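Chain by chain, the residues run as shown.
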Amino acid sequence: GAAKSPSTGDSFIRTVDASGFYKDTRGRLRRGDLIRIGHPDTGETFRVSTDLSRDFADSIIPLGSKDDPYTPASLSTQSLVHSTYEVQSFSIRSNADSVTLSPSASISSGYRMRFKSETTAVTTGGGGKGCLRWDGSVAEIKAELEAMAGIGSVTVTKE
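Within the chain, the regular secondary structure consists of two helices and nine strands. Moving toward the C terminus, one meets the helices and strands of the chain in the order β-β-β-β-β-α-β-β-β-β-α. Over its C-alpha atoms the chain spans a radius of gyration of 21 Å, topping by over 25% the 15 Å that the globule rule assigns to 159 residues. Expressed as lengths along the three principal axes of its C-alpha atoms, the size of the chain is roughly 65 × 35 × 30 Å. A buried classification covers 30% of the 159 residues belonging to the chain. A sequence separation of at least 24 residues applies to 40% of the contacts in the chain between residues at least 6 apart. Of the accessible surface of the chain, which amounts to about 10500 Å², a share of 49% is contributed by carbon and sulfur atoms. A gap of 3 Å separates the mean positions of the 19 positive and 19 negative side-chain charges of the chain.

In structure tokens form, the structure reads like this:
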């Protein structure tokens, strides 16, 4: 989910799904739970408020202080500096455990990525324009993603 129109000073967040519809988080969050807003590593940490007089409804999460969840807390610039930060992941694997994928250096094979309406278009390592090698390096993937207009600076990791 995501926060809908968060602003500095808000003491709650409204949650929505990828389509922009309000998302009920009460099945996953409880009063007193820790939540991080913004960047997953450096974002600001809050607790869901334990003050029962504050509304904790289907799409409203009341913010409490990390140290004392009864004390109201509000969004700051630190919280919102990475408010559009997203973590995306994908895997490349065979559908059978016994299959070993050939290194892309020995056979021309690759994939393209799409973000919104833009498709990778710079790399040719996987055989065609915008094709990334399935076993390509972190640097190749990072360069291709950062060449896309809708994507800013990225961090790429491989397992």
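Turning our attention to the confidence of the model for the chain. Across the chain, pLDDT averages 82, with 91% of residues at or above 70. Mean pLDDT per element in the chain: strand 1 (residues 2-3) is the minimum at 69, and strand 5 (residues 60-64) is the maximum at 94.

The next subject is helix 2 (residues 138-146). Residues of helix 2 that are buried include every one of Ile141, Glu144 and Leu145, and no others. Seen along its axis, helix 2 keeps its buried residues to an arc of 95°; they face one direction.

Only one face of strand 3 (residues 34-37) is buried: it carries Ile35 and Ile37, and the other face, with Leu34 and Arg36, is open. By the bridge criterion, four bridges tie strand 3 to strand 4 (residues 44-48) in an arrangement that is antiparallel. For Arg36, the partnering residue across the bridge sits in strand 4 and is Thr45. Linking strand 3 back to strand 4 in an antiparallel pair, the connection comprises six residues, with Gly38 at a positive phi of about 95°.

Before going further, it helps to examine the nonpolar core. Judged by nonpolar contacts, Ile13, Leu29, Ile35, Ile37, Phe46, Val48, Phe56, Ile61, Leu63, Ala73, Leu75 and Leu80 together constitute the single largest core of twelve residues. Counting residues per element, the ones that place at least two in this core are strand 3, strand 4 and strand 5. Judged by nonpolar contacts, the second largest core, of nine residues, contains Leu132, Leu145, Met148 and Val154.

Rules used throughout
- Residues numbered from 1 in each chain as written.
- Predicted model: local features only at pLDDT ≥ 70, side-chain atom pairs only at ≥ 80, totals over all residues.
- Heavy atoms only, no water.
- Helix = DSSP H or I, 4+ residues; strand = E, 2+ residues; numbered from the N terminus.
- Rg over C-alpha atoms; globule rule 2.2 N^0.38 Å.
- Buried < 20%, exposed > 50% of the residue type's maximum accessible area, 1.4 Å probe, protein only.
- Contact = heavy atoms within 4.5 Å.
- Areas by Shrake-Rupley, 256 points an atom, 1.4 Å probe, with all protein chains shown as cover.
- Lys, Arg positive; Asp, Glu negative; His and termini not counted.
- Charge placed at Lys NZ, Arg CZ, Asp CG, Glu CD.
- pLDDT = per-residue confidence, 0-100.
- Arc of directions from axis to C-beta.
- Pairing = 2+ DSSP bridges.
- Core = buried A, V, L, I, M, F, W, Y, C linked by side-chain atoms within 4.5 Å.

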